[in-house]
Amino acid sequence: MTYKQIGSIDALRADAFKVWAKIDEGNEDVINVALRDAALRIQEYTNIALIPCTIRQIAPLDAIRLMLPIGEVVSVTDSKGNECDFSFSGFALDFTYSGYIGKVAIEYTTIPDAAQIERMLIPIWELALAIYDGNTEEQNRVINRLPLELC
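Worth saying up front: this structure is predicted, and the values here are computed from it rather than measured.

1. Things to note about the packing of aromatic side chains
Phase 1 of the analysis: Counting across every chain of the model gives three aromatic pairs.
Phase 2 of the analysis: Three or more aromatic residues link up through ring pairs in this structure, and these residues are Phe17, Trp20 and Trp125.

2. Overview of the packing of helix H3 (residues 114-133) against helix H4 (residues 136-144)
Phase 1 of the analysis: As a packed pair, H3 and H4 sit with axes 8 Å apart at the nearest point and diverge in direction by 165°. As summarised for this structure, H3 and H4 are arranged roughly antiparallel, according to the angle between their axes. Classified by chirality, the crossing of H4 by H3 is left-handed. Together, Pro123, Glu126, Leu127, Ala130 and Ile131 of H3 and Glu138, Gln139, Val142 and Ile143 of H4 make up the contact between the two elements.
Phase 2 of the analysis: Of the residues that constitute the contact of H3 with H4, the class distribution is six nonpolar, one polar and two charged.

3. Thoughts on the pattern of salt bridges
Phase 1 of the analysis: Inspection of every chain in the model, using the stated rule, returns seven salt bridges.
Phase 2 of the analysis: The salt bridge partner of arginine 141 is glutamate 137, with a shortest N-O separation of 4.0 Å. Residue arginine 141 and its partner glutamate 137 are located together in helix H4, separated by four residues, close to a single helical turn.
Phase 3 of the analysis: Between glutamate 138 and arginine 141 there is a salt bridge, and its shortest N-O distance comes to 2.9 Å. Linking glutamate 138 with arginine 141, this pair stays in helix H4, spanning three residues, or about one helical turn.

4. Structural notes on the pairing of strand E5 (residues 93-96)
Regular strands place side chains that alternate from one sheet face to the opposite one.
Phase 1 of the analysis: Residues of E5 alternate between two faces, with Leu93 and Phe95 buried on one and Asp94 and Thr96 left unburied on the opposite face.
Phase 2 of the analysis: Relative to E5, strand E4 (residues 85-88) runs antiparallel, the two being bridged by four bridges. Paired with phenylalanine 88 across the bridge in E5 is leucine 93.

5. Let's talk about the sheet that holds strand E1 (residues 2-5)
Within a sheet, adjacent strands bond to each other through the backbone by hydrogen bonds, running parallel or antiparallel.
Phase 1 of the analysis: In space, the four strands of this open sheet follow the order E1-E2-E6-E3, with antiparallel pairing throughout. Edge positions in the sheet fall to E1 and strand E3 (70-78), since each of these pairs with one other strand and no more. Here the average twist between neighbouring strands, direction ignored, is 15°.
Phase 2 of the analysis: Sitting on the sheet, helix H2 (residues 28-46) is in contact with E1 and strand E2 (53-60), with an inclination near 140° to E1.

Definitions and cut-offs
- Residues numbered from 1 in each chain as written.
- Predicted model: local features only at pLDDT ≥ 70, side-chain atom pairs only at ≥ 80, totals over all residues.
- Heavy atoms only, no water.
- Phe/Tyr/Trp six-rings, centres within 6.5 Å; stacked < 30°, edge-to-face > 60°.
- Axes fitted to C-alpha atoms, helices over the stretch in contact; angles between N-to-C directions.
- Helix = DSSP H or I, 4+ residues; strand = E, 2+ residues; numbered from the N terminus.
- Parallel < 35°, antiparallel > 145°, perpendicular 65-115°, else oblique.
- Left-handed = near helix turned anticlockwise from the far one by under 90°.
- Contact = heavy atoms within 4.5 Å.
- Nonpolar A, V, L, I, M, F, W, Y, C, P; charged D, E, K, R; others polar.
- Salt bridge = Lys/Arg side-chain N within 4 Å of Asp/Glu carboxyl O.
- Buried < 20%, exposed > 50% of the residue type's maximum accessible area, 1.4 Å probe, protein only.
- Pairing = 2+ DSSP bridges.

Okay, structure coming up:
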């Protein structure tokens, strides 16, 4: 999967994170990158959108698992790059193709749910702090402590 952030990370509340993490002075760009990277890692692990992104995913037909919630499906192409006709109802993606398609490439946008972001804010902050500190062991611990019901 490839991600392209299309919205802000304001919902991750960088100022509150700095207070929580006891970071008095710090490079704002580094803090924002740590927050963004933490959210991206957690959303990839849980398959729940936490920051607005455009995602391009290549998957076998029997293993398509899109990150939710989805805002818009931009395109669906077969393994040769041919456009597939598709419809998206907000929950279900249907597409038609002729012949054998081993894999499809789906490009779509995500629209994170504010309540879900709020629910995951502390794990995001914990992971962002571990990223900010360069503590790989703590990063792994945070990921391993994520609630299993999310995955």
